[in-house]
Structures are given as structure tokens and as C-alpha cells.
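Read off the chains here:
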2 protein chains.
Amino acid sequence: MDVLWCRGRLVVVRLVIAECSVDYAGRLSAHLPLAKRLLMVKNDGSLLVHSDGGSYKPLNWMSPPCVLTTVEPDETQAAAGITELWKVTHKKTGDALIVSIHEVHHDSAHELGVDPGLQKDGVEAHLQKLLAEQIELLGDGYRLIRREYMTAIGPVDILATDATGASVAVELKRRGDIDGVEQLTRYLELMNRDPLLAPVQGVFAAQEIKPQARTLAQDRGIRCVVLDYDAMRGLDDSDSRLF
Amino acid sequence: MDVLWCRGRLVVVRLVIAECSVDYAGRLSAHLPLAKRLLMVKNDGSLLVHSDGGSYKPLNWMSPPCVLTTVEPDETQAAAGITELWKVTHKKTGDALIVSIHEVHHDSAHELGVDPGLQKDGVEAHLQKLLAEQIELLGDGYRLIRREYMTAIGPVDILATDATGASVAVELKRRGDIDGVEQLTRYLELMNRDPLLAPVQGVFAAQEIKPQARTLAQDRGIRCVVLDYDAMRGLDDSDSRLF
DNA sequence: ATCTTAATTTCGGCA
DNA sequence: TGCCGAAGTTAAGAT
């Protein structure tokens with residue numbers, strides 16, 4: 001059991017339920033008082049300390065690359081009831097996580113194998129692809145120049161032209177927040193200094209636009225467009241999808 | 001076992017190692033192909049799907065408040081090898097996570113009890129306290145007016161005066177990003193409209209300042225200051241700390 | 001309850 | 001590899 005989970009090509013996760021306290025010293029200092037928790041040791045040596053509640057984030061953890069070593073408790077620690085001492089050290093930053101175990105209630109190791117990984121669909125990239133294909137949603141006569149139009153301070157999501165041939169910079173978000181308006185504002189400021197592009201109009205397009213973002217955008221002469229993702233996906237021909 | 005983990009006042013976590021595929025339909029669509037994984041059902045009904053690798057983030061999950069129901073596989077599903085079907089639905093958004101279980105390798109429930117929670121130290125609040133105490137780090141003659149100086153759009157981290165008595169607004173970050181510069185810019189814009197404060201100088205202080213943020217700050221006449229957290233902590237008299 | 005901001009963010013893409 | 005921006009961000013604090 002001692003080193004089973006880190007040897008050879010086995011892909012093993014170890015689950016320990018234990019009464020323990022945890023100390024972290026790294027980018028911050030943190031302490032978990034003595035309580036019964038779940039310790040999850042992954043194959044790469046990383047450690048997760050979970051309680052029963054909260055959401056997916058552990059109470060404390062150490063990310064890979066890191067090494068777990070078990071230290072013999074000294075007399076003082078043993079007298080304090082510590083039976084096992086785990087020290088997890090980050091290989092690069094030197095961050096340390098120390099688990100002081102008082103009692104182990106459960107300990108098991110399970111081989112999992114390599115995970116094939118998550119397949120995602122429906123994020124901003126897809127929204128951008130759809131809007132690029134359906135650029136006329138912004139208005140009659142709109143034409144796509146290109147996606148990811150590069151500027152000195154980063155890529156503009158979509159560059160298009162309106163019916164009059166004037167440039168239009170589109171910033172796309174799933175949720176239209178104030179940050180997105182700021183981002184688009186920076187792009188517009190820069191692009192409008194370019195005599196080949198100016199004048200450039202701004203369009204802030206999102207599935208949902210927060211009132212504050214809308215107010216700020218309108219204040220800066222940026223047009224807001226709310227996108228109907230489902231409708232756009234329905235128009236797309238590659239709409240074969242799960243469920 | 002069936003409902004043990006959600007009854008009464010027990011605080012229980014259930015651990016299942018199973019060959020399964022997972023589908024998520026909510027803010028995005030996602031699919032996990034058939035593989036052996038760890039399913040962690042927390043007391044609040046939330047579910048975490050972990051593989052052996054990655055960092056603390058599960059491959060897929062459902063956050064509380066949510067409910068887990070077990071559905072009987074229909075004939076087609078049973079023929080495909082599905083023995084159990086878990087459906088986790090978010091109570092508010094309706095997001096759904098479906099776990100199709102083919103084979104259970106391990107199944108155990110563990111009572112944990114209520115967790116006392118994490119004690120943190122060393123985050124931005126501490127940095128702010130330290131800089132307020134050591135405001136002269138910004139320059140000779142600097143004096144603290146107050147921390148969390150309230151404005152109409154939120155609190156400025158630190159308000160100070162320089163050697164000439166002019167107002168200085170300080171925005172503090174652990175990592176100085178472009179967002180922080182934008183934030184400070186908004187504060188400065190507002191404060192400089194106040195005749196009692198104007199003119200207000202801006203200082204962007206962080207443990208680390210990203211090149212783009214520095215460029216933007218300088219372009220807007222904001223001074224950048226890199227803080228040495230360890231040195232500042234060393235000067236602090238309340239430096240009794242674990243380890 | 002809603003909104004704002006930080007985070008030991010993590011994660012992916014592209015230069 | 002490092003930087004930059006998105007994320008089912010999540011989570012904590014303030015209004």
C-alpha cells in the first residue's frame with residue numbers, strides 16, 4: 001500500500017478517510033483544524049482534501065507536479081495523537097502541504113486507467129463560428145471580414161463591414177459583462193487610430209447582457225446585440241447533437 | 001445504502017468507483033466516454049466525477065442545490081450494458097448530469113461530520129494591512145489617509161497623500177493584471193471630478209505586474225509599484241506564523 | 001438575494 | 001514555454 005499508487009504504469013487513486021489536521025504553506029498560509037475528512041491521492045502524487053459539503057473545490061490541495069512523503073511523527077507529535085504525517089511538496093514552487101493524521105477510518109486504492117477526457121460543446125468558440133456564418137444577424141448588408149482579427153493588444157473576435165462598407169468590430173461573450181465592454185473599448189480606441197480601418201463601429205454581442213454592461217456600452221456608442229444561441233444552432237447545418 | 005447519504009442529520013460522503021459514461025447538459029453540453037472513474041456523492045446531493053489526474057477540478061460535476069435520482073435503465077440501455085442510471089438535476093437552473101453506470105467496482109459511505117472550515121492568511125487583505133502600515137514604501141513623505149476609502153462605485157484600497165499633500169489612490173493586487181488597471185482608472189476618473197480630492201494620482205501596487213498591465217498603466221499616467229511581500233511581512237511585528 | 005471582486009483559481013490556445 | 005483570456009469559472013464578501 002505504501003507506494004502502490006505511485007509505481008510503474010498503474011493509474012491508481014487512493015482514498016483515505018481520516019481524522020486529520022492540515023497545514024498549507026505556499027502562496028498563502030492556511031490551516032484546517034482537526035476533523036474527519038476525505039483524502040484523495042491521485043496517481044500523479046497530487047492530494048485533495050475534501051469535506052462533505054461545499055462544491056467541487058477541495059478544502060485544501062496540492063497540484064502536480066508534487067511528491068508525497070510520509071514522515072515519522074516525533075515524540076511531541078505522537079504525544080499529541082498524530083499517528084501518521086504526510087508531507088506533500090510542490091516540485092517547482094516549494095509549496096508544502098502537511099497532513100497530520102490522528103486516526104485512519106478507511107484506506108483503499110483503486111486502479112482507474114487513463115481517462116479519455118471531456119468533450120465540450122457550446123462555448124464561446126462555437127458562438128463565434130455561428131455568428132461568423134450568420135453575420136447578417138447584425139443587420140442587412142453586413143459581411144464578414146475575418147474572425148480573430150489581430151491587433152497589437154490582442155485579437156478582435158469578429159471584424160465585419162456594414163451595408164455602407166464601414167468597419168465593425170464585434171466582441172462576443174456568452175455572458176455580456178462590463179469587462180467585455182472595456183475590452184471592446186480598448187480595441188476600438190486602437191483600431192480607430194488606424195486610418196485604413198477608421199471609423200470602426202463597435203458591436204457587443206452576447207447570449208445575455210447585464211444591465212450595467214448595456215448602459216456602459218450605450219454610453220460609449222457601442223451597439224448591444226443579444227444572441228439566441230439555440231436559434232443560431234438551429235440554423236446551423238451541423239446541428240447533429242447529443243440528447 | 002440507497003438513500004443513506006441524504007437522510008437526517010448525518011453528514012456522509014459516498015464513494016463509488018465505477019465504469020461509467022457521463023453526460024452534462026446545462027450551460028454547455030459535455031460528454032465523458034465510458035471509463036473507470038471515481039464518483040463522489042456529497043451530503044448535499046452534489047456529485048463529483050474524478051479521474052486520477054488533472055488538478056483539483058473534477059472532470060464533471062453538479063453543484064448544490066441539486067437532487068440525485070436513480071432511474072431504471074430501459075431495455076435499450078440495459079442491452080448497451082448500463083446497469084444503473086443516475087440523474088442529478090440542479091434545483092434552480094435545471095442543469096442535468098447523467099451518469100450511465102456499467103459496472104460498480106467499489107461503493108462505500110463514510111460519515112464525516114461538520115467541518116470546522118479553513119483558516120486563511122496572506123491574501124490581499126493582509127497585503128493591504130501591511131502597505132497601510134508601511135505606506136512610506138511608496139515614497140518619502142507619503143501618509144495614509146485611510147484604507148477602503150469609499151466612492152460611489154466602490155472602495156479604493158488605500159487613499160494616501162504624497163510629500164506635497166496631493167491625494168494618491170492605491171489599487172492593490174497580488175497579481176497585477178490589466179483588470180486592476182481598469183478598475184483603478186474608473187476610480188481615478190470619478191475621484192478627479194471631486195474638487196475636494198482632485199488632483200488624484202494613481203498607484204498600481206502588486207507582488208507581480210504583468211507587462212501588458214504595466215504598459216496600460218504607464219500609458220494612463222499610473223505609477224506601478226512591485227511589492228516584496230516577504231520583506232514587508234518581515235518588517236511587520238505580528239510575524240509569528242506557523243512552521 | 002444580488003452584485004462585485006478575488007482566487008493556492010484551472011484550463012486551453014497561440015505566439 | 002510563457003503569456004493571455006475564458007471558465008458550466010467558483011467562492012467570499014458587501015450592498
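Moving on, we come to the state of the cysteines. Covalent bonding between the sulfur atoms of two cysteines defines a disulfide. A full pass over the atoms with the stated rule returns zero disulfides over all chains. In this structure B:C20 is a free cysteine whose sulfur lies 16 Å from that of B:C66, the closest cysteine sulfur available.

A word on helix α4 (residues 211-219) of chain A. All names here are of chain A. Of all the positions in α4, only A213, L216 and A217 are classed as buried. What you see down the axis of α4 is that its buried residues fit within an arc of 100°, all on one side. Among the exposed residues of α4, those pointing more than 90 degrees away from its buried face are P211, T215, Q218 and D219. Contacts made by the buried residues of α4 are with β11 (167-176), α3 (178-191), β12 (200-209) and β13 (223-226).

Our next topic: the protein's contact with DNA strand D. Taken together, 18 residues surround DNA strand D, and among them A:S55, A:K173, A:R174, B:N60 and B:W61 come closest. Sugar plus phosphate, as a fraction of atoms of DNA strand D within 4 Å of the protein: 78%. Note that a phosphate oxygen of DNA strand D is positioned 2.9 Å from one of the side-chain N or O atoms of A:K120. Between DNA strand D and B:W61, the relevant distance is 2.4 Å, taken from a base nitrogen to a main-chain nitrogen or oxygen of the residue. Elements represented by at least two residues in the surface near DNA strand D include exactly β11 of chain A together with β4 (60-62) of chain B. Of the residues belonging to the surface near DNA strand D, the class tally is six nonpolar, four polar and eight charged.

Segmenting chain A into domains produces domain 1 (4-111) and domain 2 (124-235). Taking only C-alpha atoms into account, the centre of domain 1 of chain A sits 47 Å from that of domain 2 of chain A.

Here we take up the pairing of strand β10 (residues 154-161) of chain A. Residues and elements named next belong to chain A. Burial within β10 is extensive, with seven of its eight residues counted as buried. As defined by bridge partners, strand β9 (residues 143-151) adjoins β10 across seven bridges and the pair is classed as antiparallel. Bridged to M150 within β10 is P155. Where β9 folds back onto β10 in an antiparallel hairpin, the turn is made up of two residues. Examined bridge by bridge, β10 and β11 share four bridges and lie antiparallel to one another. In the sheet register, L159 faces β11, and the bridge partner there is A169. Counting the residues that bridge the hairpin from β10 to β11 gives five residues, and of these G165 lies at a positive phi of roughly 90°.

This next bit is on the interface of chain A and chain B. Reports of interface size often rely on the accessible area that becomes lost once the parts have come together. Contacts between the two partners involve 61 residues from chain A and, on the opposite side, 64 residues from chain B. Regarding the contact of chain A and chain B, the summed buried area is about 5,300 Å², with carbon and sulfur atoms giving 62% of it. A per-residue breakdown of the area chain A buries against chain B is headed by A:D52, A:Y56 and A:L112, which together make up 15% of the total. Between chain A and chain B we count four salt bridges in total. The partner of A:D115 in a salt bridge is B:R37, with the nearest N and O atoms 2.6 Å apart. Linking chain A with chain B are 16 residue pairs in polar contact (both at pLDDT 80 or more), by the criterion used here. Of all the secondary structure elements, the ones that give two or more residues to the side of chain A that touches chain B are β1 (12-25), β2 (29-41), β3 (47-50), β4 (60-62), β7 (96-111), β8 (119-121), β11 and α3 of chain A.

Turning to the packing of helix α3 (residues 178-191) of chain B against helix α4 (residues 211-219) of chain B, a few remarks are in order. When two helices pack together, you describe them by how their axes are tilted relative to each other and by the distance separating the axes. All names here are of chain B. Interaxial distance between α3 and α4 falls to 8 Å at its minimum, and their mutual angle equals 25°. The angle between α3 and α4 falls in the class roughly parallel. Each of I178, V181 and E182 in α3 lies in contact with α4, whose residues at this interface are Q212, A213, L216 and A217. When the residues that make up the contact of α3 with α4 are grouped by side-chain class, the tally is five nonpolar, one polar and one charged.

What follows covers the environment of B:V41. Counting through the fold element by element, B:V41 comes out in strand β2 (residues 29-41). Distance from B:V41 to B:L68, taken between C-alpha atoms, is 9.0 Å for residues 27 residues apart in sequence.

Residue and element names in this part refer to chain B. Here we have five strands laid out as an open sheet, ordered β9-β10-β11-β12-β13, and mixed in their pairing. Since the sheet does not close on itself, it has two edges, and those belong to β9 (143-151) and β13 (223-226), each with one partner. Adjacent strand axes in the sheet meet at a mean angle of 30°, parallel and antiparallel pairs treated alike. As judged from the nine bridges shared by strand β11 (residues 167-176) and strand β12 (residues 200-209), these two strands associate in the parallel manner. Bridge assignment links V170 to a residue of β12, and that residue is V203.

What follows concerns the relation of the copies chain A and chain B. Both copies of the chain are related by a screw-like operation: a rotation about an axis and a shift along it. Rotating chain A by 177° and translating it 0.1 Å along the rotation axis places it on chain B, where the RMSD comes to 1.0 Å. Look at the turn and shift together and you get a two-fold axis relating the two. If distances are taken from each C-alpha of chain A to the rotation axis, the shortest is found for A:K57, at 3.5 Å. The residues that chain A uses at the interface reappear at the interface of chain B in 98% of cases, marking a shared surface.

Definitions and cut-offs
- Residues numbered from 1 in each chain as written.
- Chains lettered and ligands numbered in written order.
- Predicted model: local features only at pLDDT ≥ 70, side-chain atom pairs only at ≥ 80, totals over all residues.
- Heavy atoms only, no water.
- Disulfide = S-S within 2.5 Å.
- Buried < 20%, exposed > 50% of the residue type's maximum accessible area, 1.4 Å probe, protein only.
- Helix = DSSP H or I, 4+ residues; strand = E, 2+ residues; numbered from the N terminus.
- Arc of directions from axis to C-beta.
- Contact = heavy atoms within 4.5 Å.
- Near = heavy atom within 4 Å.
- Polar contact = N/O pair within 3.5 Å; in protein donor to acceptor, adjacent residues only side chain to side chain.
- Nonpolar A, V, L, I, M, F, W, Y, C, P; charged D, E, K, R; others polar.
- Domains from an automatic or database assignment.
- Pairing = 2+ DSSP bridges.
- Buried area = accessible area lost by both parts, 1.4 Å probe.
- Salt bridge = Lys/Arg side-chain N within 4 Å of Asp/Glu carboxyl O.
- Axes fitted to C-alpha atoms, helices over the stretch in contact; angles between N-to-C directions.
- Parallel < 35°, antiparallel > 145°, perpendicular 65-115°, else oblique.
- Least-squares fit on C-alpha atoms with pLDDT ≥ 70 in both.

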